[in-house]
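Listed below are the residues making up each chain.
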Amino acid sequence: DLKLYELKTVYTDIAYDYGIATENNFYATHAQNIKDKVNYAFNLRGYRNDGYFSHQRTAGITFDGLIHYEIPSQIYGFKLSYILNNFNMEENGGLLNTQDFLDQLVENLQGYNLKLYNATSKTLTHDLMFRQYVNLMTKSKKTSERRYRGTLMHTFQFKQQRFTYMDFNTDSSYYHFTYALNDSTIDTMRFYTISNTLQISTFQPYKENRFERYFVHFTGGVTYEYTNYAARNYFGHALIPFAQAHIRLFTVMDIHARISYTLGGYNQND
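Described in the following lines is the structure provided in the data block.

Rules used in this analysis
- Residues numbered from 1 in each chain as written.
- Predicted model: local features only at pLDDT ≥ 70, side-chain atom pairs only at ≥ 80, totals over all residues.
- Heavy atoms only, no water.
- Helix = DSSP H or I, 4+ residues; strand = E, 2+ residues; numbered from the N terminus.
- Rg over C-alpha atoms; globule rule 2.2 N^0.38 Å.
- Buried < 20%, exposed > 50% of the residue type's maximum accessible area, 1.4 Å probe, protein only.
- Contact = heavy atoms within 4.5 Å.
- Areas by Shrake-Rupley, 256 points an atom, 1.4 Å probe, with all protein chains shown as cover.
- Lys, Arg positive; Asp, Glu negative; His and termini not counted.
- Charge placed at Lys NZ, Arg CZ, Asp CG, Glu CD.
- Phe/Tyr/Trp six-rings, centres within 6.5 Å; stacked < 30°, edge-to-face > 60°.
- Pairing = 2+ DSSP bridges.
- Patch = residues over 30% accessible without salt bridge, like charges linked within 9 Å, V, L, I, M, F, W, Y side chains within 5 Å.
- Salt bridge = Lys/Arg side-chain N within 4 Å of Asp/Glu carboxyl O.
- Polar contact = N/O pair within 3.5 Å; in protein donor to acceptor, adjacent residues only side chain to side chain.

### Remarks on the overall build of the protein chain
Piece 1. The number of helices and strands found in the protein chain is 1 helix and 12 strands.
Piece 2. Counting from the amino terminus, helix and strand elements in the protein chain follow one another as β-β-β-β-β-α-β-β-β-β-β-β-β.
Piece 3. Against the compact-globule benchmark of 18 Å for 270 residues, the protein chain has a radius of gyration of 25 Å, which places it well outside the compact range.
Piece 4. Overall, the protein chain is about 85 × 45 × 35 Å in size when its C-alpha atoms are taken along their principal axes.
Piece 5. A burial count over the protein chain gives 30% of its 270 residues as buried.
Piece 6. When contacts within the protein chain are restricted to residue pairs at least 6 apart in sequence, long-range pairs at least 24 apart make up 55% of them.
Piece 7. On the protein chain, roughly 18000 Å² of surface is accessible, and the fraction owed to carbon and sulfur atoms is 56%.
Piece 8. Taken as two groups, the 26 positive and 25 negative side-chain charges of the protein chain have centres that lie 18 Å from each other.

### Focus: the packing of aromatic side chains
Piece 1. Following the criterion strictly, the structure yields 13 aromatic pairs and no others.
Piece 2. A centroid spacing of 6.4 Å and a plane angle of 55° characterise the contact between Y214 and F250, whose relative ring orientation is tilted. Pair noted here: Y214 is in the loop between β8 (184-201) and β9 (215-229) and F250 is in the loop between β10 (234-249) and β11 (253-260), with a separation of 36 residues, a long-range link.
Piece 3. Overall, the relative accessible area of 56% leaves Y214 in the exposed class.
Piece 4. Residue classification places F250 among the exposed positions, given a relative accessible area of 55%.
Piece 5. Taken together, the ring pairs in this structure connect Y40, F42 and F63 into an aromatic cluster.

### Notes on the side chain of H68
Piece 1. With respect to the helices and strands, H68 occurs in strand β4 (residues 58-70).
Piece 2. Not counting chain neighbours up to four residues away, the residues in contact with H68 comprise L4, K37, V38, N39, F78, K79, Y133 and Y206.

### Some remarks on the pairing of strand β1 (residues 11-19)
Piece 1. Pairing geometry for β1 and strand β2 (residues 23-34), over 9 bridges, is antiparallel. Across the sheet, residue Y16 finds its bridge partner in β2, namely F26.

### Some words on a nonpolar patch on the surface
Piece 1. Together, I14, Y16, Y18, F26, L44 and I61 give the surface a local cluster of nonpolar side chains, amounting to about 630 Å² of exposed area.
Piece 2. For the nonpolar patch, the leading source of residues is β1, giving 3 residues.
Piece 3. Tracing the backbone shows I61 in strand β4.
Piece 4. On the basis of relative accessible area, I61 is assigned to the partly exposed category, the value being 46%.

### A word on the pattern of salt bridges
Piece 1. The full count for this structure, using the stated rule, is 3 salt bridges.
Piece 2. In this structure, R48 and D50 form a salt bridge, with 3.7 Å as the shortest nitrogen-oxygen distance.
Piece 3. According to the relative accessible area criterion, R48 is partly exposed, its value standing at 36%.
Piece 4. For D50, a relative accessible area of 27% gives the class partly exposed.
Piece 5. Here R57 ties to D50 by a salt bridge, and the two come within 2.9 Å at their closest N and O atoms.
Piece 6. Residues joined by salt bridges that share partners form a network here, namely R48, D50 and R57.

### Some details on the side chain of N33
Piece 1. Along the polypeptide, N33 turns up in strand β2.
Piece 2. At 2.8 Å, the side chain of N33 forms a polar contact with the side chain of N39.
Piece 3. Those residues in contact with N33 that sit more than four places away from it in its chain are L7, V38 and N39.

### Topic: unusual backbone geometry
Negative phi values dominate among residues other than glycine, just as trans dominates among peptide bonds.
Piece 1. The residue Q104 is not glycine, and still its phi comes out positive at about 55°.
Piece 2. Relative to the helices and strands, Q104 resides in the loop between α1 (98-102) and β6 (119-139).
Piece 3. The phi dihedral of F250 falls on the positive side, at around 50°, and the residue is not glycine.

### Here's the deal with the environment of G46
Piece 1. The topology assignment puts G46 in strand β3 (residues 38-49).
Piece 2. Taking the C-alpha atoms as reference, G46 lies 34 Å from H256; in sequence the two are 210 residues apart.

### Observations concerning the environment of A245
Piece 1. Positionally, A245 belongs in strand β10.
Piece 2. A residue is classified by how much of its surface remains accessible, and A245, at 25% relative accessible area, is partly exposed.
Piece 3. With 54 residues separating them along the chain, A245 and F191 place their C-alpha atoms 32 Å apart.
Piece 4. Not counting residues up to four positions away in its chain, the partners in contact with A245 are H217, F218, I255, H256 and A257.

Without other data, these values stay purely geometric and don't point to any function.
Laid out in structure tokens, this is it:
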């Protein structure tokens with residue numbers, strides 16, 4: 001759900017917030033149109049918070065970019081987008097003795113003993129999507145006016161997620177159910193999915209319908225999804241037929257409906 005900007009000028013927005021517990025937020029957005037043909041937008045979000053207790057820092061960066069192009073006749077267009085999420089979190093495992101906190105034995109919150117002082121977790125995700133579409137148009141013999149009849153669309157998407165947990169100078173009593181080697185432990189989970197979707201719809205892409213009093217739009221299609229999870233030696237294939245509808249009644253009521261069914265893969269019968 002990345003924002004699409006249709007602009008005649010350049011748009012740039014930069015902001016910074018500072019909050020309690022040394023909380024920092026950074027925002028930056030830039031969008032532009034090139035010769036009334038190509039729209040692109042880039043967003044950058046940064047976050048950092050040291051927290052109140054020791055070893056409680058969290059930090060993350062989110063970046064996304066989008067490029068959209070449609071030929072002047074509006075018959076063909078495409079969108080290319082990419083999303084990156086990178087988060088780092090210090091894991092303190094909680095207080096070693098909760099009663100000390102309840103009894104307020106220490107005035108400074110960073111003075112309490114914790115279960116972990118060297119553990120961290122990292123999350124890294126990639127999301128790449130390419131979507132192309134063909135708008136079906138017919139011409140009226142009397143007025144030569146073009147009429148929209150529907151859209152054929154193809155979407156390719158690649159998603160990868162990686163989660164890593166690390167701890168050094170580990171306490172063997174805390175990790176008595178895990179494998180520890182050389183006083184450290186590392187646990188990584190990584191998987192990716194590749195999907196292709198074909199669909200036909202009466203939703204004209206990137207056209208606003210907020211001023212229409214009533215309409216009935218529908219979409220139907222199928223998605224093929226391949227999943228790879230090497231750590232568990234899992235490779236899955238799935239077919240997902242779906243349909244959705246959007247109905248507006250006299251500008252006062254909008255009805256949305258969607259249904260899908262998964263054949264195969266780890267979401268079999270969802």
